[in-house]
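Results of the structural survey
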Amino acid sequence: MSIESNDRPVRIGLGVSGGIAAYKAVEVMRLLQKAGCDVRVAMTKHAAEFVTPLTFRALSGQYVLVDDYAPSNPDPIAHINFSQEIDLLLVVPATANIIAKFANGVGDDFLSSTYLASNAPVMIAPAMNTSMWDHPATQRNIAKLKEDGVRFVEPVAGELACRTVGTGKLEDVENIAAQALTLLGIPDGVSGKAVEPSDQDLAGERFLITVGGTREQIDPVRFISNRSSGKMGFALAERALARGAEVTVVAGSFSAEPPEGIKLVGAMSAAEMFEAVEKEFGSATVFVGAAAVSDFKPRDAASAKIKKEGRETLTLELEKTRDILSHVSENRHKGLIVAGFAAESENVIEYARQKLEKKGLDLVVANDITREGAGFNTETNIATILVKGRDEAVECPLMLKTELADRILDEIAVVRQRLAAAA
Ligand code: PMT
């Protein structure tokens, strides 16, 4: 679907400035795209420290402007052309700094020059620490911009990245997208369709998902772990929930924010995760092993901190942990669908197919963790889904983890239909 304006799709210039909430701009972009808008992205240099321009480029199919003087920039007068060709300039998130620049007519980077050069309406969704938000200088700048006709999607109160609680948290991405679409006169139904899928095709399913990394203690202060952030597993949880399922997550260590509405069980080590899954999987209808579970753990964890004095080397003896996914698969009750991941760095498909067969899975999601934008601690992933009894693979090119989650859930829904038909 595309929404037309002057015989071309409505075009939104999405400005992203440098705050921890920059990753949420990716979600806003996807919601606007789903509503039929063409989205072009301009980032500040600091925003590019939080999310790479490549993420936006891959998802928008357009060059992402950070520095209009960059030799790679295809347009020599980009700030004029970009600013003249948009129907709305939407800034998500807006820092105190970019607000101050806009309010005072400073145009010292691409985004602030675009603001000055554009005649399009402007909407700003700020996100910052509470003290910065409350500061009289920030409030003065906001009042000035409001006088100039700029619309604001006010930040909300909540726990901020700096672990303080107060006003400054970015408004929900769905609300930001809906307000932008309303300003553009795009009917609510369109944004509603994009934001709140009514499809409850997983109603009645009870998902049990392992998420994050495990920590295997060496001594009371040291452990063996990995870089899993929990983003992939939580994306699955969020999407399964939105599609009507009940969701329990057994999580090890993670840095991503768990979605609201799930049952969250903590389990730090592989052994704790095994135990928690053992308790829960009897009542599940779908099990997904998205966690990066340590394959080995120290045979004897020291009860006191190992001292470095008097030794030049330290040898650890490691022993295998129990494979949670295989255990669930081997002991499954009738109707339980079992899905796993394969994090591979070579022979990706071959190794993933071996896992599918050896572990007796219904499907496996293979991710090549060496590829840019895939694997650990990224907003996006690149994967191939292999389904039991099917030769052809489902290729999933670079996409948001929430989108990949939907593709995986689509395949799980197909497996359920097949099982129901065979029953
Ligand atoms: O959390 P993110 O930062 O978003 O990163 C996502 C991810 C890369 C962690 C995820 O996409 C992923 O690939 N998870 C599986 C990582 C992994 O441990 O892969 P593996 O090939 O070693 O294990 C195969 C499967 O067996 C996995 O489903 C794993 O959960 C499971 N397993 C492994 C060992 C073990 N002792 N028990 C298990 O259940």
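Our structure is the block above this text.
Residues numbered from 1 in each chain as written. Predicted model: local features only at pLDDT ≥ 70, side-chain atom pairs only at ≥ 80, totals over all residues. Heavy atoms only, no water.

Regarding the sheet that holds strand β5 (residues 88-94)
- Read across the open sheet, the 5 strands follow the order β4-β3-β5-β6-β7; overall the sheet is parallel. Edge positions in the sheet fall to β4 (38-43) and β7 (151-152), since each of these pairs with one other strand and no more.
- Direction of pairing for strand β3 (residues 11-16) relative to β5: parallel, over a ladder of 4 bridges. Bridge pairing links Ile12 to Leu88 in β5.
- In this fold helix α9 (residues 173-183) packs onto β5, β6 (122-126) and β7, with an angle of close to 160° to the strand it touches most, β5. (Pairing = 2+ DSSP bridges. Helix = DSSP H or I, 4+ residues; strand = E, 2+ residues; numbered from the N terminus. Contact = heavy atoms within 4.5 Å. Axes fitted to C-alpha atoms, helices over the stretch in contact; angles between N-to-C directions.)

Section: the packing of aromatic side chains
- Following the criterion strictly, the structure yields 3 aromatic pairs and no others.
- Judged by centre distance (5.4 Å) and plane angle (80°), the rings of Phe82 and Phe110 are edge-to-face. Taken together, the positions of Phe82 in helix α4 (residues 78-84) and Phe110 in helix α6 (residues 110-117) put the pair 28 residues apart, joining distant regions of the chain. Here the two residues Phe82 and Phe110 agree in accessibility, since each one is buried.
- Ring geometry for Phe102 and Tyr115: centres 4.1 Å apart, planes at 10°, overall stacked. Of this pair, Phe102 sits in helix α5 (residues 96-103) while Tyr115 sits in helix α6, placing them 13 residues apart in sequence. (Phe/Tyr/Trp six-rings, centres within 6.5 Å; stacked < 30°, edge-to-face > 60°. Buried < 20%, exposed > 50% of the residue type's maximum accessible area, 1.4 Å probe, protein only.)

Description of unusual backbone geometry
- Along the chain, Val92 connects to Pro93 via a cis peptide bond; the corresponding omega equals -15°.
- Note that Pro93 resides in strand β5.
- Positioned with a positive phi, Asn377 is a non-glycine residue whose angle comes to about 55°.
- Here Asn377 lies in the loop between β19 (363-368) and β20 (380-387).
- Judged by its relative accessible area of 41%, Asn377 falls in the partly exposed class.

With respect to the site of the ligand
- Neighbouring the ligand are 29 residues, the closest being Ser229, Gly289, Ala291, Lys355 and Asn377.
- Note that an oxygen atom of the ligand is positioned 2.9 Å from one of the side-chain N or O atoms of Lys359.
- For the ligand, whose free accessible area comes to 770 Å², the fraction covered by protein is 95%.
- Listed by contribution, the elements that provide at least two residues to the shell around the ligand are α11 (231-242), α13 (324-330) and β18 (337-344).
- With 4 residues, β18 is the single largest residue contributor to the shell around the ligand.
- Split into classes, the residues belonging to the shell around the ligand amount to 11 nonpolar, 11 polar and 7 charged. (Near = heavy atom within 4 Å. Polar contact = N/O pair within 3.5 Å; in protein donor to acceptor, adjacent residues only side chain to side chain. Areas by Shrake-Rupley, 256 points an atom, 1.4 Å probe, with all protein chains shown as cover. Nonpolar A, V, L, I, M, F, W, Y, C, P; charged D, E, K, R; others polar.)

Considering helix α1 (residues 24-34)
- Most of α1 sits out of view: 9 of its 11 residues are buried.
- Those residues of α1 not exposed but buried are Lys24, Ala25, Val26, Val28, Met29, Arg30, Leu31, Leu32 and Gln33.
- At the exit of α1 stands Gly36, carrying a positive phi of roughly 100°.

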